[in-house]
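Below, each chain spelled out in residue letters.
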Amino acid sequence: MTHPPLKAVTLTHVRYQKGDRLGHFLAWVSLVPVFISLGGFVCHFIFRRELQGMFFAIGLLISQFISELIKKSVQQARPETCIFLETCDSHGWPSSHSQYMFFFAVYFTLLTFKGIGLTEVKNKWARCFLPWLLAVLTMHSRVYLGYHTVQQVFSGAILGILLGAVWFWIVNYKLFYFFPVIEESRLGKMLYVKDTSHIQNVLEFEYENARRARKEMAAKSS
């Protein structure tokens, strides 16, 4: 009985040469976009439900769609190593991993320098160092592991930077004015969606309000 050919989910299907410690490390780095999407934004929606975070995630989804659309239109092959990685049936230009991470790094950096975040940050460059480091490492991992050429990862990085900057401008200078409308909508109230971008230190604000509410409850019960 013959079976139809199998196809792997390329976002999570990462191979490296056995015994290569650097390759093993970079294989995990290559999965950072998955960790950000599932561990970061899904948890953010469950526990915080901030509009800024939601539109950040929407932007990443849109950028991934654009990247895949370009891939299917250009149809540039992956490097010859795709034979061993079993990824020759997918296209390589631009690198979606590289595009995703540089979109994330640009958007995160712009949010930080606009003063939007959970805490007040004095050294903003230090806060932005990790996203950019992960973006560069992810880009390097895709070449080192043989999934992309140098041209493909740099093209993905440029696309991610452009899309990240454009989406940030759209959200924070156009869609931002509709945030109160979303908050006050029936769906917004039902899901407890909120915008705290006008609060300088969100964690301090929530901490103080939680303490105040506890003291008021204790005063009423006494």
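Values in this document were obtained by computation on a predicted structure and should not be read as measured data.

We now examine the pattern of salt bridges. Enumeration according to the criterion identifies 4 salt bridges in this entry. Salt-bridge contacts for E50 lead to R48; the nearest nitrogen and oxygen are separated by 3.5 Å. Considered together, E50 and R48 belong to a single accessibility category, that of buried residues. Taking the shortest distance from any N to any O, the salt bridge between R211 and E208 comes out at 3.7 Å. Taken as a pair, R211 and E208 lie in helix 10 (residues 202-221) at a separation of 3 residues, close to a single helical turn. Members of the salt-bridge network, linked through shared partners, are R48, E50 and E206.

Looking now at the side chain of R78. Locating R78 in the fold gives a position in the loop between helix 3 (51-74) and helix 4 (82-85). Within the buried set, R78 has no salt-bridge partner at all; the shortest N-O distance to an opposite charge, 6.6 Å, is to D89. Within the local environment of R78, its side chain forms a polar contact with the backbone oxygen of H91, the two atoms lying 3.4 Å apart. Engagement of the side chain of R78 in a polar contact is seen with the backbone oxygen of Y147, the distance being 2.9 Å.

Side chains of residues three or four places apart in an α-helix project in the same direction, reflecting 3.6 residues per turn. Its 16 residues place the ends of helix 2 (residues 32-47) 21 Å apart at the C-alpha level, agreeing with the 22 Å of an ideal helix rising 1.5 Å per residue. Those residues of helix 2 not exposed but buried are V32, P33, V34, I36, F41 and H44. Looking at the packing, one finds that the buried side of helix 2 touches helix 1 (21-29), helix 3, helix 5 (96-113) and helix 6 (124-144). Just downstream of helix 2 lies R49, where phi reads positive at about 60°.

UniProt marks residues 25-47, 100-117, 129-147 and 153-171 with the feature "transmembrane region" (unreviewed entry), using the numbering shown here. Overall, residues 25-47 shows 91% helix and 0% strand. The separation of its end C-alpha atoms is 30 Å. Taken end to end, residues 129-147 comprises 84% helix and 0% strand; its first and last C-alpha atoms sit 26 Å apart.

Reading the values: the criteria
Residues numbered from 1 in each chain as written. Predicted model: local features only at pLDDT ≥ 70, side-chain atom pairs only at ≥ 80, totals over all residues. Heavy atoms only, no water. Salt bridge = Lys/Arg side-chain N within 4 Å of Asp/Glu carboxyl O. Buried < 20%, exposed > 50% of the residue type's maximum accessible area, 1.4 Å probe, protein only. Helix = DSSP H or I, 4+ residues; strand = E, 2+ residues; numbered from the N terminus. Lys, Arg positive; Asp, Glu negative; His and termini not counted. Polar contact = N/O pair within 3.5 Å; in protein donor to acceptor, adjacent residues only side chain to side chain. Expected span 1.5 Å × (residues − 1). Contact = heavy atoms within 4.5 Å. UniProt positions renumbered as here; feature names shortened; annotations may be inferred.

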